[in-house]
Amino acid sequence: MNQVVVTFGEIMGRLAAPDHLRLRQTRQLDVTYAGAEASVAESVSNLGGVARYVTALPKHALADATIDSIRALGVDVRHVLRTDEGRLGLYFLETGANQRPSNVIYDRADSAIAITSADRYDWDAIFQDAGWLHLTGITPALSANAAEATLIAAQKAKAVGATVSIDLNFRKKLWRWDSGKAPRDLAEATMRKILPHVDVVIANEEDCHDVLGIRAGQTDVHAGALDTSRYPDAARQVVSQFANVSKVAITLRESLSATHNNWGAMLLDAASDQVSFAPLDAEGNYRAYEIKNIVDRVGGGDSFAAGLIFALTTPELNRPETALRFAVAASCLKHSIKGDFNFSTRSEIEALMGGAASGRVVR
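All values derive from a computational prediction rather than experimental measurement.

Analysis parameters
- Residues numbered from 1 in each chain as written.
- Predicted model: local features only at pLDDT ≥ 70, side-chain atom pairs only at ≥ 80, totals over all residues.
- Heavy atoms only, no water.
- 1 Å grid on protein atoms, 1.4 Å probe; cavity = no way out; pocket = protein on both sides within 12 Å on 5 of 7 lines; lining within 4 Å.
- Points joined across faces, edges and corners; volume = space filled by probe spheres on them.
- Nonpolar A, V, L, I, M, F, W, Y, C, P; charged D, E, K, R; others polar.
- Buried < 20%, exposed > 50% of the residue type's maximum accessible area, 1.4 Å probe, protein only.
- Helix = DSSP H or I, 4+ residues; strand = E, 2+ residues; numbered from the N terminus.
- Arc of directions from axis to C-beta.
- Contact = heavy atoms within 4.5 Å.
- Polar contact = N/O pair within 3.5 Å; in protein donor to acceptor, adjacent residues only side chain to side chain.
- Pairing = 2+ DSSP bridges.
- Salt bridge = Lys/Arg side-chain N within 4 Å of Asp/Glu carboxyl O.
- Axes fitted to C-alpha atoms, helices over the stretch in contact; angles between N-to-C directions.
- Parallel < 35°, antiparallel > 145°, perpendicular 65-115°, else oblique.
- Left-handed = near helix turned anticlockwise from the far one by under 90°.
- Core = buried A, V, L, I, M, F, W, Y, C linked by side-chain atoms within 4.5 Å.
- Phe/Tyr/Trp six-rings, centres within 6.5 Å; stacked < 30°, edge-to-face > 60°.
- Lys NZ or Arg CZ within 6 Å of the ring centre and 35° of its normal.

### Comments concerning empty space enclosed by the protein
Phase 1 of the analysis: Tallying each qualifying case throughout the model produces one cavity of 30 Å³ or more.
Phase 2 of the analysis: By volume, the largest cavity amounts to about 70 Å³.
Phase 3 of the analysis: As for the largest cavity, its lining consists of H20, L93, T95, G96, S102, A258, T259, I294, V295, D296, R297 and V298.
Phase 4 of the analysis: Its residues assigned to classes, the lining of the largest cavity comprises five nonpolar, five polar and two charged.

Structure below.
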């Protein structure tokens, strides 16, 4: 793999209640640093790719620590913009268990990336030698400035011939920056401006509905079972609305409880109209990974996106069905790792792709 993968978006301090304590129970918080786009950059780098991360951060020691946390993992952070205004965004995490869901509290108003205008970034330098740009629907949900910067990033990337991917990632607690529009309406209006510059769309069924009004039949994501036959049609609807989109990946999560999920995905290759599902059983039928003891599911979707990008830009992995299998296995393993970042290695992912799912000690 020799393409430089650029990601653009907000990184925050993550303050998590230890173990499975509720936030109101604890007087201690575990501090790490994370954000969707930073997690993708970290994972691509961890797998052996070349990743460049771009954001805006204030000039103080906590922001220095934030940058250190991803620089240490091999990510190029030379184009992180340091600002005199704005703050480091935060999010507080309460990890759920059994029938009690996890909960996130955002504290990111007036963060540096939210108040920084798009013309402050050196886009020409950022995209010099870049082959891929990854974005999400989270950063444009922060502010009009962040939305404009996301759009311009996509346009600049396309101008240099880079592939652009975006994870729709609808966050209902965000999208509050235009009081004249409801969050879903604002998300759709904003994302429909960005999507004409996108090649690869990543989403789940809720994202497709909340952002684009596309539903996979009558599937209920909260029912613990999905009708996977509906999803190719949802992906084709995305392509029919945005002819520039060459691939649509939809993750398939069946939430039986906070600590027991089934996990898989499908991928539509628009040029061939080929639909792939992963994982598959010995007979070639879709059979989700059953994850019974989730350690931390935050970042699972980002690890899927990173796995897909890495595989599609790696010659021996870039067949659509192989890339999808790699991405699903990568994200399955992420559920066993505390924190947002996926520290699974390529060899571990390929072992799971090959059927090594017993979790036996490797000696």
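Read on for the rest.
### Considering helix α8 (residues 231–241)
Phase 1 of the analysis: Every buried residue belonging to α8 is among Y231, P232, A234, A235, V238 and V239, and all of these are buried. Buried positions in α8, seen along its axis, are confined to an arc of 165° and lie on one side of it.
Phase 2 of the analysis: The secondary structure elements touched by the buried residues of α8 are β11 (200–204), α7 (205–212), β12 (247–257), β13 (260–269) and β14 (274–278).

### Description of the side chain of T7
Phase 1 of the analysis: Among the secondary structure elements, T7 is positioned in strand β1 (residues 4–8).
Phase 2 of the analysis: In terms of polar contacts, T7 uses its side chain to reach the backbone carbonyl oxygen of E37, at 3.0 Å.
Phase 3 of the analysis: In this view, T7 contacts E37, A38, V40, A41, R52, Y53, V54, L133 and H134; residues no more than four positions away in its chain are not counted.

### Observations regarding the side chain of E42
Phase 1 of the analysis: Locating E42 in the fold gives a position in helix α1 (residues 36–46).
Phase 2 of the analysis: With residues up to four places along the chain from it excluded, the contact list for E42 reads L73, V75, F341, N342 and F343.

### Some details on the pairing of β14
Phase 1 of the analysis: The pairing of β13 with β14 spans five bridges and is classified as antiparallel. Within β14, the residue paired with A265 across the bridge is A278.

### Some thoughts on the pattern of salt bridges
Phase 1 of the analysis: Taken as a whole, this structure holds 23 salt bridges when the rule is applied.
Phase 2 of the analysis: Close ionic contact of K338 with D30 constitutes a salt bridge, the shortest N to O distance being 3.4 Å. Taken as a pair, K338 in the loop between α10 (320–334) and α11 (346–353) and D30 in strand β3 (residues 30–34) lie far apart in primary sequence, 308 residues in all.
Phase 3 of the analysis: For the salt bridge of D129 with R52, the shortest nitrogen-to-oxygen distance reads 3.1 Å.

### Some details on the sheet that holds strand β2 (residues 12–16)
Phase 1 of the analysis: Read across the open sheet, the four strands follow the order β3-β2-β7-β8; overall the sheet is mixed. Strand pairing shows two members of the sheet lacking a second neighbour, β3 and β8 (103–107), which therefore form its edges. Each neighbouring strand pair of the sheet contributes to a mean axis angle of 25°, computed without reference to strand direction.
Phase 2 of the analysis: Pairing of β2 with β3 involves five bridges; the strand directions are antiparallel. Looking at β3, one finds that G13 is bridged to Y33.

### Here we look at the packing of α1 against helix α9 (residues 300–312)
Phase 1 of the analysis: Taken N-terminus to C-terminus, the directions of α1 and α9 make an angle of 45°; their axes are 8 Å apart at the nearest point. Classified by the interaxial angle, the pair formed by α1 and α9 is oblique. With respect to the hand of their crossing, α1 and α9 are arranged in right-handed fashion. Touching A36, S39, V40, S43 and V44 of α1 are D302, A305, A306, I309 and F310, all from α9.
Phase 2 of the analysis: Split into classes, the residues belonging to the contact of α1 with α9 amount to seven nonpolar, two polar and one charged.

### So, the nonpolar core
Phase 1 of the analysis: Residues Y121, W123, F127, L168 and I250 are the most contacted members of the largest nonpolar core, which totals 62 residues.
Phase 2 of the analysis: With seven residues, helix α5 (residues 144–159) is the largest single contributor of residues to this core.
Phase 3 of the analysis: The contacts of Y121, once residues within four sequence positions are left out, are F8, V54, T55, A56, L81, I113, T116, I126 and A149.
Phase 4 of the analysis: The next biggest cluster of nonpolar side chains, apart from the first, holds 51 residues, and it includes A278, L308, A311 and L312.

### Here we look at the pairing of β1
Phase 1 of the analysis: The element β1 is largely enclosed, with a buried count of five among its five residues.
Phase 2 of the analysis: Judged by which residues are buried, β1 turns out to be covered on both faces: V4, V6 and F8 on one side and V5 and T7 on the other are all buried.
Phase 3 of the analysis: As paired elements, β1 and strand β9 (residues 130–136) share four bridges and run parallel to each other. Note on β9: the bridge partner recorded for V6 is L133.

### Concerning the packing of aromatic side chains
Phase 1 of the analysis: Following the criterion strictly, the structure yields eight aromatic pairs and no others.
Phase 2 of the analysis: Between F8 and Y121, the ring centres sit 5.3 Å apart and the planes meet at 85°, which makes this aromatic pair edge-to-face. Of this pair, F8 sits in strand β1 while Y121 sits in the loop between α3 (112–115) and α4 (123–126), and the two are 113 residues apart along the sequence. The residues F8 and Y121 share a single accessibility class, namely buried.
Phase 3 of the analysis: Between Y121 and W123, the ring centres sit 5.1 Å apart and the planes meet at 40°, which makes this aromatic pair tilted.
Phase 4 of the analysis: Of the residues examined, Y121 reaches a relative accessible area of 5% and is grouped as buried.
Phase 5 of the analysis: The exposure class assigned to W123 is buried, which follows from its relative accessible area of 7%.
Phase 6 of the analysis: Among the aromatic residues, those joined into a ring-pair cluster are F8, Y121, W123 and F127.
Phase 7 of the analysis: Looking at R108, its charged tip hangs above the ring of Y106, at a distance of 4.8 Å from the centre.

### Considerations on unusual backbone geometry
Phase 1 of the analysis: Going from A278 to P279, the amide bond is cis rather than trans, its omega being 0°.
Phase 2 of the analysis: Here P279 shows up in the loop between β14 and β15 (289–291).
Phase 3 of the analysis: Residues other than glycine seldom take positive phi values, yet D273 does so here, at roughly 55°.
Phase 4 of the analysis: Positionally, D273 belongs in the loop between β13 and β14.

All we've got here are geometric facts, nothing functional implied.
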